[in-house]
Amino acid sequence: MKVAIIGGVAGGASAATRLRRLDEKAEIILFEKGSYISYANCGLPYYIGNTIEDRNKLFIQTPEEFEKRFRIKVRVNEEVKSIDIESKKLTVEKLSSGEIYSETYDKLILSPGAEPLRPPVKGIDSPMVFTLRSVPDTDKIKEYVGRRNVKKAVVAGGGFIGLEMVENLHKLGIHVTVVEMADQVMAPLDYSMAAIVHAHVREKGVNLLLKEGVAGFEENDNGIEVELRSGARLQADMVIWSIGVRPDARLAKDAGIAIGALGGIQVNKYLQTSHPDVYAVGDAIEVKNPVTGKPSLIPLAGPANKQGRIAANNIVDENVEEYDGTIGTAIAKIFDLTVASAGASAKLLKREGIDYVSSYTHSSSHAGYYPDALPLSVKIVFSPHTGQLLGAQVIGFDGVDKRIEMLAGVIQRKGTVKELSDWEHAYAPPYSSAKDPVNMAGFVAENILEGKVKTIHWRDVNMKKFLLDVRTGSEFELGHIERAINIPLDDLRNNLDKIPKDKKVVIYCAVGLRGYLAYRILVQNGFDNVLNLSGGYKTYSMATLPANNIIEAEVKIMD
């Protein structure tokens, strides 16, 4: 059997090595139009910021090591220009010489990845505008920063890679402005959780311009000027263009292979394309989102590696393993914060017309009495009918990774919030609490499902309701919702006559726990129109911070 693989890195390289482990006799050819077949693309921002100092540590396997260990023919700097599905032939160009030749195959795996979105913006081809997708991209940025003594940078796009670059440029002493067209950074998050990230990056001295787009670039004697859609102009020494990626499906489309509505290569549950001898993996394919049941594009290294392995299994043993899709579990370090998500967000569920309930909890990373316990915020979305956990978002300074993995496991197997309540975790004071933050999220969700509490969210709070703040007087003085009345929880039973029964009463505390206790007191004392603010004042205050600072940012940048 002769298998050709187009594209290396996560999907293609993992497929190639799995094929060799399963079939020692197969002829395997890996085509890569670049010079590198297996490298840590997720580590590229950290090499630029000198967290990873040795460039060689980015490379998992060189072409020479790959050929020697796995007896795979590695053809770097060779680009497959076209695929003839009927004759099973590839037309290949050797980029070093321009020579064109043909190669045959019995089975083909497509792993072309994704490419940065580069719309026709004026000046986008300037050598001062960079994308970050590959090792050569990284080398260009690294060399430029060192040579030009960069002091000011603009990052266009507030996604995971964009914000990782913000941190690493900031670490080099560069003043950074983020320009993001949406009203928030990190699209997989809901706004209320992204607001925590907004506050943190601004605390670090990063300018954040939301609901703002780039209209064009113009080089000048001082570097490059970034023209914004609002008409404002930012002067910078360099720009990182990071507004997203799209599947590189051109080869497949030209070959007559089916392309999905989202622009990715269509595959079935075995990762076969519309042609049975052609499989596809990685960032170029559309995968099923198990939560919504619909196709999605999820350009992540973890799923790509797993897809490569499964495609190899199915080529060798004729479709023995199904790929169940991905819930898009992702995590990023943004300065001191760790930000993670899994499954569907509330905004995605709303867009898809799927019923859901949201709840927020704010806990500590480990037992509060043990030193260095740090805040940990959790948002979950779940079905109001079955309690199925549909999505989760976790933000904090410690322990975020293990919580999102606990939550992702429940989402993957279509589990319910009851499982969160029952989850048996490893507990010792340095690592968790007797009631882990995941347990707490489950307890709150169960209370909502069972009718023990009715909640309201930060978007729905308005001044027509009676707002009852049950925090202490000192907490109230430090900040509160406008027109709220402060009756501390411990004094509530003695002050029930101060609360109207003919109005909707919204209770809030710092994070929601005391609000829940107050709710239970009121409903058992004849108050039947009561709501508890989910996530308390912490969620409300973060989510209602001003979204944009363009005037201040313009002054800072132009100084």
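Report follows, based on the coordinates.

Cut-offs applied
Residues numbered from 1 in each chain as written. Predicted model: local features only at pLDDT ≥ 70, side-chain atom pairs only at ≥ 80, totals over all residues. Heavy atoms only, no water. Helix = DSSP H or I, 4+ residues; strand = E, 2+ residues; numbered from the N terminus. Buried < 20%, exposed > 50% of the residue type's maximum accessible area, 1.4 Å probe, protein only. Lys, Arg positive; Asp, Glu negative; His and termini not counted. Salt bridge = Lys/Arg side-chain N within 4 Å of Asp/Glu carboxyl O. Polar contact = N/O pair within 3.5 Å; in protein donor to acceptor, adjacent residues only side chain to side chain. Pairing = 2+ DSSP bridges.

**Looking at the side chain of Glu-286**
So, step 1. Among the secondary structure elements, Glu-286 is positioned in the loop between strand 20 (278-280) and strand 21 (287-288).
So, step 2. Buried and without a salt bridge, Glu-286 has Lys-253 as its closest oppositely charged side chain, separated by 11 Å.
So, step 3. Reaching out from Glu-286, the side chain makes a polar contact with the backbone nitrogen of Ala-261 at a distance of 3.4 Å.
So, step 4. From its side chain, Glu-286 meets the backbone nitrogen of Gly-264 in a polar contact 3.1 Å long.

**A short note on the pattern of salt bridges**
So, step 1. A complete count under the given rule lists 31 salt bridges for this structure.
So, step 2. Of the charged contacts in the structure, one is a salt bridge between Asp-139 and Arg-55, with a shortest N-O distance of 2.8 Å. Of this pair, Asp-139 sits in helix 4 (residues 135-148) while Arg-55 sits in the loop between helix 2 (44-48) and strand 4 (59-61), and the two are 84 residues apart along the sequence.
So, step 3. Given the relative accessible area of 27%, Asp-139 is considered partly exposed.
So, step 4. For Arg-55, a relative accessible area of 24% puts it in the partly exposed group.
So, step 5. In this structure, the salt-bridge partner of Glu-93 is Lys-81, at a minimum N-O distance of 3.6 Å. You can see Glu-93 sitting in strand 7 (residues 89-94) and its partner Lys-81 sitting in strand 6 (residues 78-84), a full 12 residues away along the chain.
So, step 6. In this structure Glu-93 comes out as buried when scored by relative accessible area, which is 19%.
So, step 7. Three or more residues joined by partner-sharing salt bridges are found here, namely Lys-33, Glu-115, Arg-246, Asp-248 and Arg-250.

**As for the pairing of strand 16 (residues 223-228)**
So, step 1. Counting buried positions along strand 16 yields 5 of 6 residues, so the element is predominantly enclosed.
So, step 2. Pairing between strand 15 (residues 214-220) and strand 16: 6 bridges, direction antiparallel. Looking at the pairing, Phe-217 lines up with Val-226 of strand 16.
So, step 3. Counting the residues in the hairpin turn of strand 15 and strand 16 gives 2 residues.
So, step 4. Judged from the 4 bridges that link them, strand 16 and strand 17 (residues 233-236) form a sheet pairing that is antiparallel. Residue pairing across strands places Val-226 opposite Leu-234, the latter belonging to strand 17.

**Structural notes on the environment of Gly-526**
So, step 1. Structurally, Gly-526 is set in the loop between helix 14 (513-523) and strand 32 (530-533).
So, step 2. The partly exposed category is assigned to Gly-526, whose relative accessible area is 47%.
So, step 3. Sequence spacing of Gly-526 and Lys-501 is 25 residues, and the spatial spacing of their C-alpha atoms is 8.1 Å.

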